Amino acid sequence: MASLVYFRKVAEADGSVEYVFGPDPAETSRLLIMDTAVRRARPADGTVDHAFLKASRKINALYDAASRWPEHGVSAS
C-alpha cells in the first residue's frame, strides 16, 4: 500500500519555517515547524507519527538538494 504525505510552506521567519502537511493536498491540517539553524522539525500538535517523519525527512532532503526550503512537495513510498 502506498503512503503519501503532502506539505506546503505557510510561513518563513528568521530561524524557522512552517509547513502544513497531511495525506491529501486538500487535507493539510497539521503543522510542522522546522528550526532552520539545526534543521530539526517538531510537530505543533506534539504527535510524532509516520506522516510527520515522512514530511520532515522529505523537506530536509529537498533542502539538501537545493540549499533552500521547498515551497511544497510530496513524500511517496
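Above this text you will find the structure in question.
Just so we're clear, the structure is a prediction, and the values are computed from it rather than from any experiment.

**A word on the overall build of the chain**
Right, on to step 1. When you go through the chain residue by residue, the secondary structure sums to one helix and five strands.
Right, on to step 2. From first element to last, N terminus to C terminus, the chain shows the α and β order β-β-β-β-α-β.
Right, on to step 3. Taking 11 Å as the expected radius of gyration for a compact globule of 77 residues, we find that the chain reaches 11 Å, a close match to that expectation.
Right, on to step 4. Seen through its principal axes, the chain has C-alpha atoms that stretch 35 × 25 × 20 Å.
Right, on to step 5. By the burial criterion, 32% of the 77 residues in the chain qualify as buried.

Each value, and the rule that gives it
- Residues numbered from 1 in each chain as written.
- Predicted model: local features only at pLDDT ≥ 70, side-chain atom pairs only at ≥ 80, totals over all residues.
- Heavy atoms only, no water.
- Helix = DSSP H or I, 4+ residues; strand = E, 2+ residues; numbered from the N terminus.
- Rg over C-alpha atoms; globule rule 2.2 N^0.38 Å.
- Buried < 20%, exposed > 50% of the residue type's maximum accessible area, 1.4 Å probe, protein only.

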